[in-house]
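# Breakdown of the fold
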Amino acid sequence: MSVTTSQSSVILSVQSAGRVYRMGEVDVPALRDVTLDLQRGELLVIIGPSGSGKSTLLNLIGGMDRPTSGHVRFGEMDLGVISDRELTRYRRFEIGFVFQFYNLVPSLTALENIQVATEMAGDPMDPLEALELVDLVDRADHFPSQLSGGEQQRISIARAIAKRPQILLCDEPTGALDIETGQQILNLLLRLRAELGQTISLITHNASIAHIGDRVATLKDGIVESIEINERPLRPEEVQW
Amino acid sequence: MVISAGPILLRKLLRDLWARKTPLAVIIAIVAIGTGSLIMNASIYRDLKFARDDYYREFRLADLSVSLKRAPESAVRLVEQTPGVAEARGRVVLPALLDLPNQSEPITGLVISMPETNEPILNDLLLREGTWFSGPEQAEAILNHRFAEANGFVAGDRIKVLLLDEQHDVLVVGTAMSPEYVYLIPTDGGVAPDPARTGIIYMPIKFLQRSGDLEGAFNQIVARTFDSSPAALDRVLNVIEDRLDAWGVTDATPRRNFPSVSFLDSEIQGIRASTTIMPTIFLGVAMLILNVVIGRMVAQQRSVIGTLKALGKSTTAIALHYLCFGTFAALLGAAGGVVLAYWLQGGMIAMYRQFYKLPNLEARFYPELYVLGVSVCLIAAAVGTIAAARRAASLHPAEAMRPPPPEKGGSIILERIPIFWSRLSFRRRLVLRAIFRNPFRSGVNFFTTLLATALLITTFSMRDSLTYLMEYQFSALSHEDLSVSLREPVGESGSREILSMPSIATVEPQLNVVCDLSNGPFSRRLAISGLPRGNRLSTPLDDLGQPVPIPDEGLVLTDKVARLLDVEVGDSVSLRPLIGERRRVQAPVIAIVKTYIGLSAYADIQYLSRLIGEDYVANSLLATSFGSEGWNLLYNELKKRPGVIGVARRERALEQMEGTMGETQGRVIVILVMFSGLIAFGSVLNTALVSLSEREREVGTFRVLGYTKGEVAAILRGEQIILSVMGTSVGMFAGTGLALLISKAYDTDLFRFPATILPIRYFHAALLMVLFVALAQAVVRVYIHKINWLDALKIKE
Ligand SMILES: Nc1ncnc2c1ncn2[C@@H]1O[C@H](COP(=O)(O)OP(=O)(O)O)[C@@H](O)[C@H]1O
Ligand SMILES: [Mg+2]
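Thresholds applied
- Residues numbered from 1 in each chain as written.
- Chains lettered and ligands numbered in written order.
- Predicted model: local features only at pLDDT ≥ 70, side-chain atom pairs only at ≥ 80, totals over all residues.
- Heavy atoms only, no water.
- Helix = DSSP H or I, 4+ residues; strand = E, 2+ residues; numbered from the N terminus.
- Buried < 20%, exposed > 50% of the residue type's maximum accessible area, 1.4 Å probe, protein only.
- Contact = heavy atoms within 4.5 Å.
- Lys, Arg positive; Asp, Glu negative; His and termini not counted.
- Charge placed at Lys NZ, Arg CZ, Asp CG, Glu CD.
- Near = heavy atom within 4 Å.
- Polar contact = N/O pair within 3.5 Å; in protein donor to acceptor, adjacent residues only side chain to side chain.
- Areas by Shrake-Rupley, 256 points an atom, 1.4 Å probe, with all protein chains shown as cover.
- Nonpolar A, V, L, I, M, F, W, Y, C, P; charged D, E, K, R; others polar.
- Buried area = accessible area lost by both parts, 1.4 Å probe.
- Salt bridge = Lys/Arg side-chain N within 4 Å of Asp/Glu carboxyl O.
- Core = buried A, V, L, I, M, F, W, Y, C linked by side-chain atoms within 4.5 Å.
- Pairing = 2+ DSSP bridges.
- Axes fitted to C-alpha atoms, helices over the stretch in contact; angles between N-to-C directions.
- Parallel < 35°, antiparallel > 145°, perpendicular 65-115°, else oblique.
- Left-handed = near helix turned anticlockwise from the far one by under 90°.
- Domains from an automatic or database assignment.
- Phe/Tyr/Trp six-rings, centres within 6.5 Å; stacked < 30°, edge-to-face > 60°.
- Lys NZ or Arg CZ within 6 Å of the ring centre and 35° of its normal.
- pLDDT = per-residue confidence, 0-100.

Another aspect to go through is the overall build of chain B. When its secondary structure is counted, chain B shows 23 helices and 20 strands. By its C-alpha atoms, chain B is 100 × 55 × 50 Å across when sized along the principal axes. Within the span of chain B, comprising 797 residues, buried residues form 56% of the whole. In chain B, 80% of the contacts between residues at least 6 apart in sequence involve partners at least 24 apart. Averaging the positions of the 81 positive and the 76 negative side-chain charges in chain B gives two centres separated by 16 Å.

Around ligand 1 sit 13 residues, and of these A:Gly51, A:Lys54, A:Ser55, A:Thr56 and B:Glu399 come closest. The residues that come close to ligand 1 belong to more than one chain, namely chains A and B. Within the backbone of A:Gly51, one N or O atom sits 2.7 Å away from an oxygen atom of ligand 1. Between ligand 1 and A:Gly53, the relevant distance is 3.1 Å, taken from an oxygen atom to a main-chain nitrogen or oxygen of the residue. Relative to its unbound accessible surface of 560 Å², ligand 1 loses 78% to contact with the protein. Elements with a contribution of two residues or more to the shell around ligand 1: β1 (10–23) and α1 (54–61) of chain A. Split into classes, the residues belonging to the shell around ligand 1 amount to four nonpolar, six polar and three charged.

Contacts between the two partners involve 24 residues from chain B, matched on the other side by 24 residues from chain A. Buried surface at the junction of chain B and chain A, both sides included, amounts to about 2,200 Å², of which 62% is carbon and sulfur. Of all residues in chain B, the largest losses of buried area upon contact with chain A belong to B:Ile8, B:Arg15 and B:Leu311, amounting jointly to 28% of the total for that side. Its salt-bridge partner being A:Glu112, residue B:Arg15 comes within 2.5 Å of it at the nearest N-O pair.

With that settled, consider the nonpolar core. Residues and elements named next belong to chain B. Grouped together as the largest cluster of nonpolar side chains are 89 residues, with contacts concentrated most on Ile30, Phe282 and Tyr322. Examining the composition of this core, we find that 14 residues originate from one element, helix α19 (residues 650–694), more than from any other. Residues contacting Phe282, with those up to four places away along its chain left out, are Ile30, Ile33, Gly34, Phe675 and Ile679. Formed by 45 residues, the second largest nonpolar core is a distinct cluster that contains Ile498, Val507, Leu526 and Ala618.

If you walk through the whole model with that rule in mind, you get 58 salt bridges over all chains. One salt bridge in this structure joins A:Arg164 and A:Asp123, with 3.9 Å as the shortest N-O distance. Of the two residues, A:Arg164 sits in the loop between α5 (149–162) and β7 (167–171) while A:Asp123 sits in the loop between α3 (110–118) and α4 (127–133), which places them 41 residues apart along the sequence. Across the pair B:Asp245 and B:Arg576 runs a salt bridge, and its minimum N-O distance is 3.6 Å. With B:Asp245 in the loop between α6 (230–243) and β11 (249–254) and B:Arg576 in strand β16 (residues 572–577), the pair connects residues that are 331 residues apart, well separated along the chain. Residue classification places B:Asp245 among the partly exposed residues on the basis of a relative accessible area of 40%. One salt-bridge network, held together by shared partners, links B:Glu241, B:Asp245, B:Asp251, B:Asp516, B:Arg525, B:Arg576 and B:Arg582.

Residue and element names in this part refer to chain B. Most of strand β19 (residues 618–625) sits out of view: eight of its eight residues are buried. As paired strands, strand β12 (residues 482–490) and β19 are joined by five bridges and run antiparallel to one another. The residue bridging Val490 from the neighbouring strand is Ala618, located in β19. Sheet analysis places strand β13 (residues 504–519) next to β19, joined by six bridges and oriented antiparallel. Each bridged residue has a counterpart across the sheet, and for Val507 the counterpart in β19 is Ala623.

All names here are of chain B. Considering the arrangement of structural elements, one finds Asn360 in the loop between α9 (315–355) and α10 (367–394). The partly exposed category is assigned to Asn360, whose relative accessible area is 32%. Taking the C-alpha atoms as reference points, Asn360 and Leu48, 312 residues apart in sequence, are found 8.9 Å from one another.

Attention now moves to the packing of helix α14 (residues 439–476) of chain B against helix α22 (residues 759–786) of chain B. All names here are of chain B. Orientation of α14 relative to α22, taken along the N-to-C sense of each, is 140°, at an axis distance of 10 Å. Our classification of the angle between α14 and α22 gives oblique. As for the relative orientation of α14 and α22, their crossing is right-handed in sense. Across from Thr449, Ala452, Thr453, Leu456, Ile457, Phe460, Arg463 and Asp464 in α14, the residues of α22 making contact are Arg761, Tyr762, His764, Ala765, Leu768, Met769 and Phe772. Its residues placed into classes, the contact of α14 with α22 shows nine nonpolar, three polar and three charged.

This next bit is on the domain arrangement of chain B. Residue and element names in this part refer to chain B. Per the domain assignment, the segments of chain B are domain 1 (65–259), domain 2 (438–479 + 654–797) and domain 3 (482–626). Computed from C-alpha atoms alone, the centre-to-centre distance between domain 1 and domain 2 is 51 Å. Taken residue by residue, the interface counts four residues in domain 1 and five residues in domain 2. Roughly 430 Å² of surface becomes buried between domain 1 and domain 2 when both sides are summed, with 71% attributable to carbon and sulfur atoms. On the domain 1 side of the interface with domain 2, the three residues burying the most area are Val191, Ala192 and Pro193, jointly 74% of the side's total. Where domain 1 packs against domain 2, one counts zero salt bridges. Taken together, the connections running from domain 1 to domain 2 amount to one residue pair in polar contact (both at pLDDT 80 or more). For the side of domain 1 that touches domain 2, a count of residues per class yields three nonpolar, no polar and one charged.

Residue and element names in this part refer to chain B. By the definition in use, this model includes 20 aromatic pairs over all chains. One Lys or Arg, Lys21, reaches over the ring of Trp18 and ends 4.8 Å from the middle of that ring. Lying over the aromatic face of Tyr366, Arg46 brings its terminal NZ or CZ to 5.3 Å of the ring centre.

So, about the side chain of B:Arg296. Residues and elements named next belong to chain B. Its place among the elements puts Arg296 in helix α7 (residues 259–300). Salt bridges are absent for the buried Arg296, whose nearest opposite-charge side chain, Glu694, sits at 4.3 Å. Within the local environment of Arg296, its side chain forms a polar contact with the side chain of Ser693, the two groups lying 2.5 Å apart. Residues contacting Arg296, with those up to four places away along its chain left out, are Val690, Ser693 and Glu694.

Moving on to the confidence of the model for chain A. Confidence in the prediction for chain A averages 90 pLDDT; 96% of positions are at 70 or higher. Note on residues 1–7 of chain A: pLDDT under 50 across the span, and seven contacts to partners over four residues away in sequence or across chains.

All right, on to the sheet that holds β11(B) then. Strand-to-strand pairing in sheets goes through backbone hydrogen bonds, with the strands running parallel or antiparallel. All names here are of chain B. Read from one edge to the other, the open sheet built from four strands follows the order β2-β10-β1-β11, with strand pairing classed as antiparallel. Whereas interior strands pair on both sides, the edge strands pair on one side only; in this sheet they are β2 (85–91) and β11. Strand-to-strand twist of the sheet, defined as the mean angle between neighbouring strand axes without regard to direction, takes the value 25°. As defined by bridge partners, β2 adjoins strand β10 (residues 217–225) across six bridges and the pair is classed as antiparallel. Across the sheet, residue Val85 finds its bridge partner in β10, namely Thr225. Packed on one face of the sheet, helix α3 (residues 73–81) meets β1 (64–72), β2 and β10 and runs near 160° to β2. Running at roughly 165° to β11, α6 makes contact with β1, β2, β10 and β11 of the sheet.

Next comes the structure, spelled out in structure tokens:
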């Protein structure tokens, strides 16, 4: 990936993006007009009440969906207009996803779940190395149903980072976990960012978690209400849950 | 093929398949039967067709045969010079009574002349054992190989042959096969093969000419034509018949009407039909079930598909992955089918070899048919899976990650009838909603149980029809113990002579005359039976099974003949006997009766006698006996009468038919019942399991509310029970209709099948269906017990 504009550290920019869902006769605007940049290497936390459009925004960033208005640009690519094929390649090579409910393939082992991602990526890690990074080498041959929620989420993170994506997108990664496990997961994400240097965008509806972000975008009714810069992001264990 | 786009997804594929192994195994079995029956039937079709065509060609089976009273060599030349004829050969064919050392019962034989040396000729022989004749006038015979085998004859044995009025002590020099007699129906009539009574023997031409009063002449001419298409053959045959008229043509037959040829043809046609019918049914059912099962799998793996898309798997890779589920089942099924076909083909050919004496009939391996079978199977599986694969591929990634949209459709159509709906218990409502909310799956369940039931009914109807046919032909229509056929028609003295023999209780004369019947453009050649007034041993019956009195003048036609000639009661037909004065007369049609075998017509024996220029004659004597103890004496008496050319026992004909057709049919029925079972079981099992997986949470809720597993299973079962009961009920009608259709399709000059289904069969079919469905439900119960309801409740879709 070439750096687009000279000294800018913007890796991806969302420009007046909107997303309207048609539900039969009515239009549901999930996202109205969002403008926001993702800075290289930062941790951008997106918060907002349920239904405010957080997931919709993350999906646009991750190339899972296209805006119905406005643009999402990654380098010279406008994700709204490129072909499905290119969009798939974008997801494959540039993006790592971590979901609230882990979404591991139930009929594949932990290791194989990582291999699903690495077997088609450009310059992936060794899947075992990814497992090592999340400290679950001994669980390599376990199926998801034999793992705890936290372990599943760690596998899911290993799967996301194993492709060496530029951007890691996490949609409420702690939403289904207890406090302690949630903190572990957040620590893991931060540690990995320190080692690998991805840009992370993380959704939460828990306002206190927002304190760990470099910047915090607050969404409401499909628009960005505010973007705050945290001068001193907290460590996960400092957060009051 | 790069299975499933990537080795890891291949692993997922295999594990997903393994997790569904039981229902999948049933689908695979269904696919295997579909593919196997395609390959097997297509192979058998080729085996038989090739063996037949080769045999007919190499041993030069004639395209036509003309029987005459007496034809000189010049008549043969005349046939040969007829345009369209390639070659012709004169032969002597004489009926004979054979007296076998191992058997008291006399056997009607057919003695056919062969040249004194073994040279290639029309209707040639394939010498199997022994040698050719040692001289032109020798009393030597070559026996039909199967006839010899069945009676234990070998070269060197002797056989007594009664020709005209002289008994000859004939030396057996060899055994042979002929393309003319591939299917060995007894020489004295009948429809089931009976090699021991098919006394076809070959003797030197000079010998037969001398002992048959045919010095320098023939009584049959066979010929090969350049164009053997039916139309061309009929044209040539007409010309020949005209040209030979002076020599008294008694019969002119195109090859397709030779009894053996015609039986073999209809068998081969039947196999050809099976080549498409069975695979269509089985692969069709497999397709439908796959559609339901893979469709459910895609719905279940919705978020997995979303995740794979999020990870960057391409649409094609995902479509391919789900397509592979079908393909994989198909591959395993095809492998099973290939093994099945390879294995069964040999057995089937061995069975055909018992019925059809074709020298080169072997189970051959046709790689291209295997390729065809496997391809058809894969295509069927792909078609069955494509809808689900497309749904998986087109699933929008962001969409897929959201929880699935709430259960589709609030109320079903029945809820709009409040009077009905409000009376239902909530369990019934649940069942009805489940049925109506998944119209496709419900349709599959309904349709496959319908199909299985229809298959059962048709199968049973085959059995009932044959039983009815045999009972009707051999017991309702005829009541004699034995019938004696005479060489020449004789007057009343013949009956008296038989009546005086040991064991004989009553005798009824009958006159059988081959006649040409025609009405405008429609014509048929058939034997008219002249029956005496007050006939009791041969009693034609009308539609309602009532005996029809034989009119003094005019004809009683069977329904098939009436249809062929396009006449009704009150019309008249043109009639010309092929013996006697051969005068053409107009005969009124007085009544119509029903028969299922062959073509026949009845008239008063005196009326028919007059038509051939006689007063009152008979050439067949039907008799009843006091019991079979004295029959050996009777046979000995009969063997001494030169006028007798055959003795047939009604019992024997019936037994033979039971034994061959009945036995083969019995096996076919067992197989078809198992096939129906597999269809019903497989489809109900699969649809029930899909329904179960869809309703896991619903039922989990019931469990939490305190319902027992049994109560929950009962609620689940309702869906399949209602659909299966509906399918079975409609299937009864469909099966009845199908049986009617099949009986229409099998309407030939040789055979008609009454579409008979005993009322109890509906009960049998219902019982079997209950069994199949219950078996499937029993397996489902095992799955219900395995499910952890609490997990089902916790897990989000
Ligand atoms: N595929 C969709 N179809 C219809 N409405 C949708 C769809 N996806 C999201 N929405 C609606 O858009 C709004 C925003 O949804 P989402 O982005 O998931 O919110 P959040 O993640 O902040 O809870 C919600 O009202 C939601 O119901
Ligand atoms: Mg969300």
